[in-house]
Amino acid sequence: MSNELNRTLGTEDILWQLADLYQGLEDPRIDTDLDQCRSEAKAIQAKFSGNLPSLTASSLLNLVSRLENLSLVRGRLSTFAFLNFTTQTQDAKAGAFLQKIREEGSAIAKLTVFFELEWNTLDEGIANQLMNDSSLKHYHHYLASVRRYAPHLLSHPEESLLIEIAPVGRGAWTLLFEKIMGHTKFGDKQRTEEEVLADLYHENRAIRQEAARDLTLGLNSQLHILTHITNTLLADKMIDDRLRHYPGWLSSMNLYNEIHDDTVAVLVQTVTSRYDIPARYYRLKKQLLGLDQLFDYDRYAPLPNLPAQQVSWAECRQMVIAAFADFSGEMAEIADLFFTKNWIHAPILEGKRGGAFAHPCTPDVHPYVMVNYTGNIRDVSTVAHELGHGIHQHLAADRGYFNSDTPLVLAETASVFAELILFQHQLSQLTTQSERTAFIAQKLESIFATVFRQIAMNRFEDLSHNARREEGELASERLNELWQQTQQAMFGDTVTLTDDYAIWWSYIPHFLGTPGYVYSYAFGELLVLALYNLYLQDKDSFVPKYLELLKAGGSDSPHNLLQPFGVDLNDPAFWSGGLNVIDGMLRQIE
Ligand SMILES: [Zn+2]
């Protein structure tokens, strides 16, 4: 079945060339590299462990560059083992090799873990003096970012105790949540969560309505436990923030993202001030679907007239390269390398893992891209997305291993930007008005899912964390109220949220596993739209700056990396620029 599809699409031979890493599992270089890592890690440990306070700048430079080189060789081994496994997950040899490299890797990592611990607890005066030495300029951001948690660390025995009890903390509660969701049967048909959620996208309204009711019934049957887990984790965060002296419930996430609290506040404020955009869109969607009233279970109803076509691999390649070339010749050339040099694995194979990714590999080799290409228009977009990552990784490689890793909120910039460029290119090829409308509407819905929906969820998180801190344990009804209030705000009077919808806060895993994280999606998407807005204003000056941003990788904070664009992340006008792009797309179809 899949063989036939691969043949039709021309992806049969689109396989990556892992020999750029090692010749195969039997390559003698694998053992040589492992031996070298082990002895180097031991040498580093013997020479530097316990000596950080007395290091000179030049010996710190020596230590950090040796650690970087060690990580690079380890990275090459683990990338090879991982990529080799990824396309043949049922192969016992590939699995055992991956496991072996992981075990060897963590044994090696353990020998050098002293560095992060000692660097973090080093006296601030000494650390600053070292970091600011001109010889360490190249590693300044790396050293500073490793130390950014230093003011929030507890004493050594306290930290050890917390690590000791961590397995029965947040992780155990989120695991309980996953187990409950996995075991719960939804509605009369006893369906799984996945099955019910998938039906929310069904074209038949009765089926969507039933899916929504079933989801509610299932969640309701577990609500007392879900409420207990939520309360426990809200309290866990409250206690942790107090012990570590974080000023607000979101501060630790912002520190992780290397973003100021004020910047996030401006982002949230600017997005919520434009809730007229989703409201206007759903008013239009109601018309397009020919409905009198739109309910929560109608939000994901598919739009009529979407262009249906099967895109061969050759057409996909041509489409993506042409779209990138419209933007920048350099970008198209780099993307072309992935196709001509066999850096992509595209066919659908039994035993290959699902989804898609771009792997940066190591700066001395090149990135790899994996997709499961089925030939629909969504897949072409995925190829552009992953190539966006790949181009970013390729350009950032010159910065070295420690500096090539992008800060989290910028991690999706190149990929989402690449998708947007492809979208504009594809849109320009569509001729009928109804196709264009459906195509834009589909893109708008995906933008809403990352911008408005995530910010509305952030508002729910904000109210529930603060309510837990002020009011104590929260009843399910109180959480329902906060959920309904924050979600209704986004839709205005265009979508009627049924009473059933009020408990839908209870199935969202992010609230439990990574509190505060959801705004990062909105940040990334809106940043790209805002940058795209700058591109539209002055294409010639934008492109080189954009490529410089990608080349900079993770060598600085998001704030500093964006400086050349003259943007101020704390200025609502910058974020409004991104929102105006959405507004413009909506106006095209209104
Ligand atoms: Zn991505």
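In this text the structure is predicted, and so the values were computed from the model without any measurement.

Asker: Would you mind going over the overall build of the protein chain with me for this structure?
Answerer: In terms of regular secondary structure, the protein chain is built from 28 helices and five strands. Computed over C-alpha atoms, the radius of gyration of the protein chain comes to 25 Å, within 12% of the 25 Å expected from 2.2 N^0.38 for 590 residues, which places it in the range of a compact globule. Its C-alpha atoms give the protein chain principal-axis dimensions of about 75 × 60 × 50 Å. The 590 residues of the protein chain split such that 53% are buried. Restricting the contact set of the protein chain to residue pairs at least 6 apart, pairs at least 24 apart contribute 76%. Total accessible area computed for the protein chain in this model is approximately 26200 Å², and 51% of it derives from carbon and sulfur atoms. Counting 49 positive and 75 negative side-chain charges, the protein chain places the centres of these two groups 1 Å from one another.

Asker: Looking at this structure, I do not really get the packing of aromatic side chains. What am I missing?
Answerer: Think of a pair of aromatic rings as described by two things: how far the centres are apart, and how the planes are tilted against each other in angle. Inspection of every chain in the model, using the stated rule, returns 40 aromatic pairs. Seen from their ring centres, Trp16 and Tyr368 are 5.7 Å apart, and the 80° between their planes marks the pair as edge-to-face. Residue Trp16 is located in the loop between helix H1 (2-9) and helix H2 (28-48), and its partner Tyr368 is located in strand E4 (residues 368-370); the two are separated by 352 residues in the primary sequence. In this structure, Trp16 and Tyr368 share a single accessibility class: buried. For the ring pair Tyr142 and Phe402, a centre distance of 4.3 Å and an interplane angle of 15° mean the geometry is stacked. Of this pair, Tyr142 sits in helix H7 (residues 140-146) while Phe402 sits in helix H19 (residues 401-404); the two residues are 260 residues apart in sequence, bridging distant segments of the chain. No difference in accessibility class separates Tyr142 from Phe402, as the two residues are buried.

Asker: Explain the coordination of the zinc ion here, please?
Answerer: Geometrically, a metal with four donors at the corners of a regular tetrahedron has ideal angles of 109.5 degrees, and one with six donors at the corners of a regular octahedron has ideal angles of 90 or 180 degrees. Taken together, His385 (NE2), His389 (NE2), Glu412 (OE) and Glu412 (OE) make up the protein donors of the zinc ion, found 2.1 to 2.7 Å from the metal. Each of the four donor atoms around the zinc ion contributes to a set of angles spanning 51 to 140°, which defines the coordination as irregular. For the zinc ion, the donor residues sit on a single chain with the sequence spacing H-x3-H-x22-E. Taken together, the residues His385 in helix H18 (residues 377-396) and Glu412 in the loop between H19 and helix H20 (413-429) connect sequence positions 27 residues apart. Overall, Glu412 belongs to the partly exposed group, its relative accessible area being 35%.

Asker: Would you explain the sheet that holds E4 in this entry?
Answerer: Note: strands within a sheet are paired through backbone hydrogen bonds, in either parallel or antiparallel orientation. Read from one edge to the other, the open sheet built from three strands follows the order E2-E4-E3, with strand pairing classed as mixed. The sheet is open, and its two borders are formed by strand E2 (344-345) and strand E3 (357-359), each paired with just one other strand. Inspection of the sheet shows E2 paired to E4 by two bridges, in the parallel sense. Bridge pairing in E4 places Ile344 opposite Val369.

Asker: What's the story with the pattern of salt bridges in this structure? I'm lost.
Answerer: Two side chains carrying opposite charge are able to pair once their charged atoms lie near each other. Applying the stated criterion across every chain yields a total of 32 salt bridges. Residue Arg191 pairs with Asp199 through a salt bridge whose shortest N-O separation is 2.7 Å. For the residue pair Arg191 and Asp199, the accessibility class agrees, reading buried in each case. Close ionic contact of Glu590 with Arg280 constitutes a salt bridge, the shortest N to O distance being 3.0 Å. Taken as a pair, Glu590 in the segment after helix H28 (572-589) and Arg280 in helix H15 (residues 276-289) lie far apart in primary sequence, 310 residues in all. A relative accessible area of 45% means that Glu590 is categorised as partly exposed. Owing to a relative accessible area of 18%, Arg280 belongs among the buried residues under this scheme. One salt-bridge network, in which partners are shared between bridges, spans Arg274, Asp276, Arg280, Asp583, Arg587 and Glu590.

Asker: I tried to follow a nonpolar patch on the surface on my own but got confused; where do I start?
Answerer: Together, Leu161, Ile165 and Val168 line one region of the surface with nonpolar side chains, adding up to about 310 Å² of accessible area. A relative accessible area of 53% places Leu161 in the exposed class.

Asker: Help me understand the side chain of Glu118 in this model?
Answerer: Here Glu118 shows up in helix H5 (residues 114-121). Residues within four places of Glu118 in sequence aside, it is in contact with Phe48, Ser49, Gly50, Asn51 and Leu52.

Asker: What is the right way to read H18 from this model?
Answerer: Along an α-helix, residues three or four positions apart point the same way, because every turn accommodates 3.6 residues. Under the 1.5 Å per step criterion, the end-to-end length of H18 is 29 Å for 20 residues, consistent within 8% with the ideal 28 Å. With respect to burial, H18 is a largely interior element, 16 of its 20 residues being buried. Capping of H18 at its N-terminal end is provided by Asn376; its side-chain oxygen lies 3.1 Å from the backbone amide nitrogen of Arg378.

Asker: Honestly, the packing of helix H3 (residues 57-86) against helix H4 (residues 92-112) in this entry has me stumped. Any pointers?
Answerer: For any two helices packed against each other, one specifies the crossing angle of their axes together with the interaxial distance. Following both chains from N to C, one finds H3 and H4 inclined at 165°, their axes separated by 8 Å at the closest point. When the interaxial angle is binned, H3 and H4 end up roughly antiparallel. Where H3 crosses over H4, the handedness of that crossing is left-handed. Here H3 contributes Leu67, Leu70, Arg74, Leu77, Ser78, Phe80, Ala81, Phe82, Asn84 and Phe85 to the contact with H4, which in turn contributes Ala94, Gly95, Phe97, Leu98, Ile101, Arg102, Gly105, Ile108, Ala109 and Thr112. Looking at side-chain class alone, the contact of H3 with H4 contains 13 nonpolar, five polar and two charged residues.

Asker: Help me understand the side chain of Thr87, please; the structure alone is not making it clear to me.
Answerer: Of note, Thr87 is situated in the loop between H3 and H4. For Thr87, a relative accessible area of 13% corresponds to the buried category. Beyond its immediate chain neighbours, meaning those up to four positions away, Thr87 contacts Trp16, His345, Leu349, Gly351 and Lys352.

Asker: In this structure, what is going on with the nonpolar core? I would like to understand it.
Answerer: It is characteristic of soluble globular proteins that their nonpolar side chains tend to be buried jointly. Within the largest apolar cluster, 136 residues are counted, with the highest numbers of intra-cluster contacts made by Phe324, Tyr373, Phe452, Trp504 and Ile582. One finds Phe80, Leu98, Ala127 and Leu130 within the second-largest nonpolar core, a separate group that totals 47 residues.

Asker: What exactly am I supposed to notice about unusual backbone geometry here?
Answerer: Trans is the prevailing form of peptide bonds, just as negative phi is the prevailing case for residues other than glycine. Despite not being glycine, His245 has its phi angle at roughly 60°, a positive value. Structurally, His245 is set in the loop between helix H12 (223-243) and helix H13 (251-257). The phi torsion at Glu258 lies on the positive side, around 60°, for a residue other than glycine. Within the fold, Glu258 resides in the loop between H13 and helix H14 (261-272). Glu258 sits in the partly exposed class, given a relative accessible area of 21%.

Asker: What's the story with H4 in this structure? I'm lost.
Answerer: The end-to-end C-alpha distance of H4 is 31 Å, a good match for the 30 Å that 21 residues give at a rise of 1.5 Å each. Restricting attention to buried positions, one finds in H4 the residues Ala94, Phe97, Leu98, Ile101, Gly105, Ile108, Leu111 and Thr112. Down the axis of H4, the smallest arc covering the buried residues is 140°, so these residues share one side. Opposite its buried face, H4 presents the exposed residues Ala92, Arg102 and Lys110, each directed more than 90 degrees away. On the buried face of H4, the contacting elements are H2, H3 and H5. A side-chain oxygen of the first residue of H4 lies 3.1 Å from the backbone nitrogen of Lys93; this N-cap is Asp91.

About the thresholds
Residues numbered from 1 in each chain as written. Predicted model: local features only at pLDDT ≥ 70, side-chain atom pairs only at ≥ 80, totals over all residues. Heavy atoms only, no water. Helix = DSSP H or I, 4+ residues; strand = E, 2+ residues; numbered from the N terminus. Rg over C-alpha atoms; globule rule 2.2 N^0.38 Å. Buried < 20%, exposed > 50% of the residue type's maximum accessible area, 1.4 Å probe, protein only. Contact = heavy atoms within 4.5 Å. Areas by Shrake-Rupley, 256 points an atom, 1.4 Å probe, with all protein chains shown as cover. Lys, Arg positive; Asp, Glu negative; His and termini not counted. Charge placed at Lys NZ, Arg CZ, Asp CG, Glu CD. Phe/Tyr/Trp six-rings, centres within 6.5 Å; stacked < 30°, edge-to-face > 60°. Donors = N, O, S within 2.8 Å, 3.2 Å for Na, K, Ca; no water. Tetrahedral: all angles 85-135°; square planar, octahedral: opposite > 155°, others 65-115°. Pairing = 2+ DSSP bridges. Salt bridge = Lys/Arg side-chain N within 4 Å of Asp/Glu carboxyl O. Patch = residues over 30% accessible without salt bridge, like charges linked within 9 Å, V, L, I, M, F, W, Y side chains within 5 Å. Expected span 1.5 Å × (residues − 1). Polar contact = N/O pair within 3.5 Å; in protein donor to acceptor, adjacent residues only side chain to side chain. Axes fitted to C-alpha atoms, helices over the stretch in contact; angles between N-to-C directions. Parallel < 35°, antiparallel > 145°, perpendicular 65-115°, else oblique. Left-handed = near helix turned anticlockwise from the far one by under 90°. Nonpolar A, V, L, I, M, F, W, Y, C, P; charged D, E, K, R; others polar. Core = buried A, V, L, I, M, F, W, Y, C linked by side-chain atoms within 4.5 Å. Arc of directions from axis to C-beta.

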